[in-house]
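Observations on chain architecture
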Amino acid sequence: MGKGFFISKVVAVVCVVVAISAVATIIALSVVYAQEKSKNQETPTTATTAGPGTQTTTPSTPKEPWQRYRLPDSLSPISYNVTLWPRLTPNTDGLYIFSGYSTVLFTCVKETDLILIHSNKLNFTMFDGYHAQLKAVDGASAPQLKKSWLEVPTQYLVIQLSSPLQAGSTYELFTEFVGELADDLGGFYRSEYDEDGVRKILATTQMQPTDARKAFPCFDEPAMKAVFHMTLIHPHGTVALSNSMNYDGLNLIQTSFGPTEIMSTYLLAFVVCDFGFIQSDLGANVLIRIWARKKAIEEGQGAYALEKTGPILSFFEKYYKIPYPLKKSDQIALPDFSAGAMENWGLITYRETALLYNPAVSSNGDKEWVATVISHELAHMWFGNLVTTKWWNDLWLNEGFATYVSYLGANYAEPDWNMSDLIVLNEIIGVMAVDALASSHPLSSKEADVMRPEDINALFDSITYSKGAAVLRMLSSFITEEVFSNGLNVSTVNSTYKAVDNAGIQLPHSVEVIMNRWILQMGFPVVTIDTKTGKISQKHFLLNPDSVVDWFVPITWIKTGAAKDQYWLLTKEGKIYYMTTGDGDWLIANIDMKGFYRVNYDSENWDRILTKLSTQHQDIPVINRAQIIDDAFNLARAKIVSTTLALSTTRFLNTELEYMPWQTATRNLDYFVLMFDRSEVYGPMQGYINKKVTPLFKHFEELTANWTKIPEKHTDQYNQVNALSWGCSTGVDGCKELTTAWFKEWMDNPDNNKISPNLRTTVYCSAIAEGGAVEWDFAWKMYKSATIASEAEKLLYALSCTKQPWLLNRYLEYCLDPTMIRKQDATFTINYIAGNPIGQPLAWDFIRANWAHIFNDYGGGSMSFGRLISGVTKRFSSEFEYKQLLQFKEDNINQLGSAASSFEQALERTKANMDWVALNKELVFDWFTSEISGTQMYF
């Protein structure tokens, strides 16, 4: 068993054995870096008898155990018995509260006279002057309590004892407490919604990563697994749900639940609501229930989730070779939820947009999102829940694995969607832009670097999720997916090695040695191939050219369309004579972007690739057509190739009909729009894009019988949106007239929206941009009355498209009023507004003026907080904006929370933007001008 993992004892011992083998591939990756990190691990804390310090904040070098953010290793929980009573009406002070009591059974592992247990924002009932009661189990005597207090900075209840707890003995700690059932989206919180004109309140949870301690006192670390016995007291007319099945039916006063499996505190969940549900057929091996607002259930919005959950569960049972270990899988859509979803074992919680689907209103993108999120969360039932990382510094093992296999599960559920290819667009291309920054971070961190809750929250980023998925996809590619999955299925810790050996796969090093380079180092290489000499080299992309790091890089490649044997680049450079090319030959490496690296070529090979794109682009695999565009643009930003070369990779788009190349070009040209939409470059740039998109617009006009039919192919439905969006924004004849007419028809008959669900985001945005207050107010009214969250989300975005500054300012003010815009949507809405060139300076002024309020009330530690800074500053490209950002950071240095790293990235990105604009503005202007005039410039 590799260091850094704890395995739950679930179902039977045989499942434990198989569970260990089921992550052997991942364990193999962790062996070496765990050993390298071990010298940096903190020495386990031994509890002491010293009294509390007088300081109110944790010192930089903690002297006492309660001043450290990690629990000592002296106690180990066995089980919790927790009873909670949420009040769904406010008290006389206007507050919503919950009360409860808890008994935790724990074993003393090392003799100690100190009990530390996490607690945050709980008010305790005192017993003879102490916060808790302690007793021994099995007739032994418990030491007397000496002193107790709440250590607020590190979120502990501290209990000092008059004599030590004995190693090997078992004890019970009882507490009684009251907490606020706030609307802060963390811990045990409340959510509100309107149904048939009635305001409804429900109580729900979000524990990950460190908020179980807000619901009851607990040993709130992922390795501190235990069994949970939950009881919920709730009003008449409501139901109570938790991870396990209830004991005694839906009692209208009190519902108790069976014991959970042994699991981490962050996976605990409970809900009190008056929702409806649909369920799987009686007699099924696993009871599947989809819970949501009664009206949503009545409208059939949960049907798609119910249809796909069973097949995806079955897929993962076969994939992991382990039966789903629980009797039921409840999935519930919550009106207010901070994340996309949460993998609570047996009770998965979702945003409504991630679980509910209505074919009459929802787009194909909405449907894909539901399928992939369900698949992601169900993947966690094994990897993450059954097998859990010891500490949050290796979060990538949990989330990266779930992200990668979620595409396999979704591909199984919807085989016509080609999800195994869409991972390139959805995960890999985007995260490569982030990982190219000097302010990026390795997949794995030292435990000592991830201590505070805000440090933990900061790890929930695209590196953890998307790069984690990308390097695992690369691993499955070079050992083959069959061997990768076999490595998960055999029954020893050495399964990966045996699977590789049995398949006869020759690797230059062991799996963990190869992958160690990708896990412990931030960034990735750019591989340069000179087809004249066969020289091949690598260097750290976008970083110091003197960097000494390198990778073990699997090079897959084709020459003039023919696949060649994989080559391993193990050093800084090498020479491969069979990579030389003759006249008319062309070479492309990193086939289907299975490797996490970029590729550069000599100028002659680039020229031959561009010629092939312009004449017979179908000869190049579609993913590689997207890759060529993305690599070229990013190489240009790194000043490795010219910007005109990057722009030249888009010339063939007037003959391209596939979604992936168009979407990749869109993302890269969006950067040019961000940098130049306030300058003279914007006009000729729009003219060029208009020339390229007009044939695509005409293609879909014909394919859909003048926009009256939906394309059959999943990716064609996406590319139809590109055609319409670029067509309207660049002035393709008839586009704006089309969208405004559709929108006006809806305004004339609000109860009958005939706009295709796939096109609604684009149509709404275009019409609101062309309109004024009347159109905006109509869309706002439709947003407030929307009964499905995906439709509300489309309108929420479209409302940011107006060109009227006063409407944008009013919209910003709505963001801080939860009765107008839900807290879960506030930061996204501000970012939407900042994406509008008119709204960007308004949004920047707004968050500076309201930062304290946003930080305190909208989650300085939340996972979306860093995205707010990134979104509002992504257009920054001047010295003035850089100084403003730097000053803002310095003025709020103690109120950055989980956004601290995002500020560093924003500063770095702004500097890079400044340099890039200064270097390229004139050149880009000339290039676009020559293209629309018919006189091409060459690189």
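This is a predicted model, so every value here is computed, not measured.

**Some details on the overall build of the chain**
Scanning the chain from terminus to terminus reveals 29 helices and 28 strands. For the chain, buried positions account for 61% of its 939 residues. Partitioning the contacts of the chain with sequence separation of at least 6, the portion at a separation of at least 24 is 72%. A total accessible area of about 34,800 Å² is found for the chain, and carbon and sulfur atoms account for 51% of it.

**Quick notes on empty space enclosed by the protein**
With the rule as written, the count across this model stands at 7 cavities of 30 Å³ or more. Taken together, Tyr 69, His 118, Thr 154, Thr 210, Arg 213, Asp 220, Glu 221, Trp 391, Met 451, Pro 453 and Ile 456 form the lining of the second largest cavity. Along the lines of polarity and charge, the residues of the lining of the second largest cavity split into 5 nonpolar, 3 polar and 3 charged.

**Notes on the layout of surface pockets**
One number sums up the size of the second largest pocket: a volume of about 920 Å³. Lining the second largest pocket are 37 residues, and of these Glu 192, Tyr 193, Asp 194, Lys 784 and Arg 822 lie nearest its centre. Of all the secondary structure elements, the ones that give two or more residues to the lining of the second largest pocket are strand 10 (187-195), helix 21 (773-785), helix 22 (789-798) and helix 24 (823-834). Grouping the constituent residues of the lining of the second largest pocket by class yields 13 nonpolar, 7 polar and 17 charged.

**Considering the UniProt feature "site: Transition state stabilizer" (unreviewed entry) in the chain**
UniProt records the feature "site: Transition state stabilizer" (unreviewed entry) for Tyr 465 in the present numbering. Along the polypeptide, Tyr 465 turns up in helix 9 (residues 462-478). For Tyr 465, a relative accessible area of 24% puts it in the partly exposed group. For Tyr 465, the residues in contact, after removing those within four places along its chain, are His 376, Glu 399, Gly 400, Thr 403 and Phe 460.

**Description of the sheet that holds strand 7 (residues 145-151)**
Taken in spatial order, the 3 strands make up an open sheet running 4-8-7, and their pairing is antiparallel. Strand pairing shows two members of the sheet lacking a second neighbour, strand 4 (112-118) and strand 7, which therefore form its edges. Pairs of neighbouring strands in the sheet enclose a mean axial angle of 20 degrees, with direction left out of account. The sheet contact formed by strand 7 and strand 8 (residues 156-165) spans 6 bridges and is antiparallel. Paired with Leu 150 across the bridge in strand 8 is Leu 157.

**A few points about the sheet that holds strand 23 (residues 535-540)**
Ordered by their spatial adjacency, 4 strands build an open sheet running 26-23-22-28, and the pairing between neighbours is mixed. Looking at the sheet topology across the chains shown, the edges are occupied by strand 26 (573-575) and strand 28 (598-601). Sheet twist, expressed as the mean angle between neighbouring strand axes with direction ignored, is 20 degrees. In the sheet, strand 22 (residues 525-529) pairs with strand 28 via 4 bridges, with the strands oriented parallel. Paired with Ile 529 across the two strands is Tyr 601, which belongs to strand 28.

**Digging into the packing of helix 19 (residues 735-748) against helix 21**
Their axes nearest at 11 Å, the elements helix 19 and helix 21 cross at an angle of 60 degrees. Taken together, the axes of helix 19 and helix 21 lie oblique to each other. The two elements helix 19 and helix 21 meet at a crossing, and its hand is left-handed. Contact with helix 19, carried on its side by Phe 743, Trp 746 and Met 747, involves Val 774, Glu 775, Phe 778, Ala 779 and Met 782 of helix 21 and no other residues of that element. Here the residues of the contact of helix 19 with helix 21 sort into 7 nonpolar, no polar and 1 charged.

What counts and what doesn't
Residue numbers run consecutively from 1 along every chain, following the written order of its sequence. Where local features are concerned, this predicted model is filtered to residues with pLDDT of at least 70; where side-chain atom pairs are given and counted, the filter is 80 or more; whole-chain, interface and lining totals use all residues. Each side-chain value is derived from all of the structure's non-hydrogen atoms; neither hydrogens nor water enter the calculation. Starting at the N terminus, helices and strands are each numbered in turn, a helix being any DSSP run of H or I of at least four residues and a strand any DSSP run of E of at least two. Remark: exposure states derive from per-residue accessible area (1.4 Å probe, protein chains only) relative to the maximum for the residue type, with buried under 20%, exposed over 50%, and partly exposed in between. Contacts are assigned to residue pairs that have any heavy atoms within 4.5 Å of one another. Only the protein chains shown count as cover for residues, and all accessible areas are computed by the Shrake-Rupley method using a 1.4 Å probe. Within this scheme a cavity is a closed region of a 1 Å grid, computed over the protein atoms alone, that accommodates a 1.4 Å probe without allowing it to escape, whereas a pocket is open but has protein on both sides within 12 Å along at least five of seven lines; lining residues each have an atom within 4 Å of a point. Grid points are joined across faces, edges and corners, and a volume is the space filled by probe spheres set on the points. Residues are grouped as follows: nonpolar covers Ala, Val, Leu, Ile, Met, Phe, Trp, Tyr, Cys and Pro; charged covers Asp, Glu, Lys and Arg; every other residue, Gly included, is treated as polar. UniProt positions are given in the numbering used here, feature names are shortened, and annotations may be inferred rather than shown by experiment. Strand pairing follows a simple DSSP-based rule, namely that at least 2 bridges must link the two strands. Axes here refer to lines fitted to C-alpha atoms; in helices the fit is confined to the stretch in contact. Angles between the N-to-C directions go from 0 to 180 degrees. Any angle between 65 and 115 degrees counts as roughly perpendicular, while under 35 counts as roughly parallel, over 145 as roughly antiparallel, and the rest as oblique. Here a crossing is called left-handed whenever its near helix is offset anticlockwise from the far helix by less than a right angle, and right-handed whenever the offset is clockwise.

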